[in-house]
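Listed below are the residues making up each chain.
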Number of protein chains: 2
Amino acid sequence: MKYVTIIDIANELGVSKSTVSRALAGDAQNVKPETMKLVCETAQRMGYRRNEAAVNLRRQLSKTIGIVIPEVVTSFFMSFIQWAQRDLRQQGYRTIIAVSNEEVTQERECLQMLEQCRVDGILMSVCHQSANAALYQEIMSRGIPMVFFDRQVCGVEASQVHIDDVSASVFMVEKLIRSGCRRIVHLLGPEHIGNATDRLRGYREVLEKFKLPYNPQYIVAGGLSADEGAQAMEEFLQRGLAFDAVFGFTETSVLGAKSVLQRMNFRIPDDVSLCCISGTTLCTLVHPTLSAVEQPTEEMAHTACRLLLEQLATPGQCRPQTVVLHGEVVVRESTKAVQAQA
Amino acid sequence: MKYVTIIDIANELGVSKSTVSRALAGDAQNVKPETMKLVCETAQRMGYRRNEAAVNLRRQLSKTIGIVIPEVVTSFFMSFIQWAQRDLRQQGYRTIIAVSNEEVTQERECLQMLEQCRVDGILMSVCHQSANAALYQEIMSRGIPMVFFDRQVCGVEASQVHIDDVSASVFMVEKLIRSGCRRIVHLLGPEHIGNATDRLRGYREVLEKFKLPYNPQYIVAGGLSADEGAQAMEEFLQRGLAFDAVFGFTETSVLGAKSVLQRMNFRIPDDVSLCCISGTTLCTLVHPTLSAVEQPTEEMAHTACRLLLEQLATPGQCRPQTVVLHGEVVVRESTKAVQAQA
DNA sequence: GTGAAAGCGCTAACAG
DNA sequence: CTGTTAGCGCTTTCAC
């Protein structure tokens, strides 16, 4: 029931606890090799586990990074975490994961918890572009570096890494148009997520470029979840407008829309092309009727970790910087596209 | 840079740190209401965050539960975590998530880390049914309760919760046969995962029941990942045997197989039915050609948490118990099935 | 109702 | 090379 402490080991061996501490820390400079070996073996034998709480308290730092993500449905965030953990662990950092569930209050609680655990830094994907901005500032002013990834934040002086949503959107929509689509439904993301605005902007830019009319009737609030996407699709169908493509904000919402379309016997991608800016490669792998610009998850994780570690290495020294990455494009050409090219 | 401590608050107010501690803990019995209010307000104003490391050290417990999962690709584990976190948080527990990446050594490191963090209990899904069994026993003998979920463990006296893999498998395969399939490929899971053996057993039981011949040629090692599933499928195709269904161990591996089949212009589910025992509802939602018995993720999480909390409440008192849940079935009937019924 | 003091397990000066 | 000592921030007796 009780854990073995360095004092237990010290008593067992008749040495002082400092010696044990030094030996266990591998301080070859100040411990005789044989003492070292003896201590380590005894620790092993007695089932010693060093108490992180005690170490953190003493050292005044935790060697722990907090990661806050908005949801766990999309594999993007999980994949990001995996890459980030690898990088951070390599630098001797542990990670604590906290999920805000897309709610501002839960996000506050997550951050509070991370502060209580005295994390050395935070990787964060926000659930709202501005609601908790003051809190972010407060945390950073306390000397805890934060790096924001994927979801953009407004009004915060901090390092960020995200993809170029406008370009990604432009690329995707242009691809649709070139493959013969003219009437493109856009499942708009929530306005409190900055990326949504950018993607709408991209959508509009392409229409202008091709001198196609912009009809607000084709823009539907598609939310984030599959349910919201499905609902949005039904809402649009009731408007009775002709359409040949759906460009969704989330992978999840466009898949929700897809289920509605299939129920209505639309053939995909022959009748309707589906596309989105996707979380991860897995998406288009398993949804072979979906076109997507894919986020470079691994690169984003590396970059975010690099930015954070830099700030950790030079406390208070480096200016915040924003890194913008570019997605990879995976497009499923519909038969319509083939006709259009002919 | 420096955090505010209760001593800072005590000095600010000219009271002792004990009083501050009591007030912050909400000990109304021993603190005058006005003092209480004053302390709390000051704490708020000064941006106090209580140091969890110090509390844990003092209290000799962490109010933290560790969750170990083998991978983060499947949404099942993420979904499980979400439910579990909700239950545990409600009981005042924090959670630490650790990922073993299906590797025995990484799993050891995870557990070691959790012990170092002095977690009060562990929810665990193993990457190997027996490799670390001794370690599990050691941890439990130290008084840290463990509950194993989803993946079965061998030779360990501990509480477990998983689905009835044999029944699930029987149900799925029987469904295939009743819908007209006769030659069913089975993508077998790794032998170090107990559930794989059970599912194969289910497969064989059904064949016997229907007096169909068992041909080992139809069993292919399908691994866990999409790549492994694809490779297994290709391997099977080279055998040149006729087949009309694929029953995979993992959602992921059967989707890998699917990509190969599609490349070969098989029509799904008309030429070939695909099915598996799936991680979560999302799976069949987004893969409308896949039939599956779905794990009751939420129920599994609730059950696992309940078992753990029971052990936490009565240390060393409750005997390990195994709970077996049943999956829900979602079947996509192929046109072949319709023909068979006619 | 409040304060003084001890101590959780560990590290890091400082002496020897 | 090793031992002694002083805390890290907090809770919790025990006095008053």
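Residues numbered from 1 in each chain as written. Chains lettered and ligands numbered in written order. Predicted model: local features only at pLDDT ≥ 70, side-chain atom pairs only at ≥ 80, totals over all residues.

> Please provide a residue-by-residue account of helix α10 (residues 226–238) of chain A, values included.
Under the 1.5 Å per step criterion, the end-to-end length of α10(A) is 19 Å for 13 residues, consistent within 8% with the ideal 18 Å. Just downstream of α10(A), A:Gly240 is the residue with a positive phi angle, here 65°. (Helix = DSSP H or I, 4+ residues; strand = E, 2+ residues; numbered from the N terminus. Expected span 1.5 Å × (residues − 1).)

> How would you sum up the interface of chain B and chain A? Please name residues and give values.
The interface of chain B with chain A comprises 36 residues on the first partner and 35 residues on the second. Looking at the side of chain B that touches chain A, the elements that each hand over two or more residues are α4 (52–59), α5 (75–90), β2 (94–99), α6 (104–116), α11 (251–263) and α12 (281–286) of chain B. When residues in the side of chain B that touches chain A are grouped by element, the largest group, five residues, is from α4(B). Within the side of chain B that touches chain A, the residues separate by chemical class into 18 nonpolar, 10 polar and eight charged. (Contact = placed C-beta atoms within 7 Å. Nonpolar A, V, L, I, M, F, W, Y, C, P; charged D, E, K, R; others polar.)

> Describe the relation of the copies chain B and chain A, naming the residues involved and giving the relevant values.
Superposition of chain B onto chain A requires a rotation of 180° combined with a translation of 0.0 Å along the rotation axis, giving an RMSD of 0.1 Å. Each copy turns onto its partner about a two-fold axis. When C-alpha positions in chain B are compared against the rotation axis, the closest is assigned to B:Ala53, at 2.3 Å. A share of 97% of the interface residues of chain B reappears at the interface of chain A, consistent with the copies meeting face to face through the same patch. (Least-squares fit on C-alpha atoms with pLDDT ≥ 70 in both.)

> Summarise the protein's contact with DNA strand C; cite the residues concerned and give the values.
Taken together, 24 residues form the shell around DNA strand C, and within it A:Thr5, A:Ser21, A:Ala54, B:Ser16 and B:Thr19 come nearest. Of all the secondary-structure elements, those providing two or more residues to the surface near DNA strand C are α2 (17–24) and α4 (52–59) of chain A together with α2 (17–24) and α4 of chain B. Tallying contributions element by element places α4(A) first for the surface near DNA strand C, with five residues. Residues of the surface near DNA strand C, tallied by class, amount to eight nonpolar, 10 polar and six charged. (Near = placed C-beta within 6 Å.)

> Let's hear about the pairing of strand β4 (residues 146–149) of chain B: which residues, and what values?
Residues and elements named next belong to chain B. Covered by surrounding structure in β4 are Met146 and Phe148 together with Val147 and Phe149, the residues of both alternating faces. Where strand β3 (residues 121–124) and β4 come together, three bridges link them in parallel fashion. Pairing of Leu123 across the sheet is with Val147, part of β4. In this fold, β3 hands off to helix α7 (residues 133–141), which returns the chain to β4; that crossover is right-handed. Pairing of β4 with strand β5 (residues 159–163) involves three bridges; the strand directions are parallel. When the bridges of β5 are listed, Val147 appears paired with Ser159. (Buried ≥ 20, exposed ≤ 12 C-beta atoms within 10 Å, placed from the backbone. Pairing = 2+ DSSP bridges. Right-handed = clockwise from strand over helix to strand, strands pointing away.)

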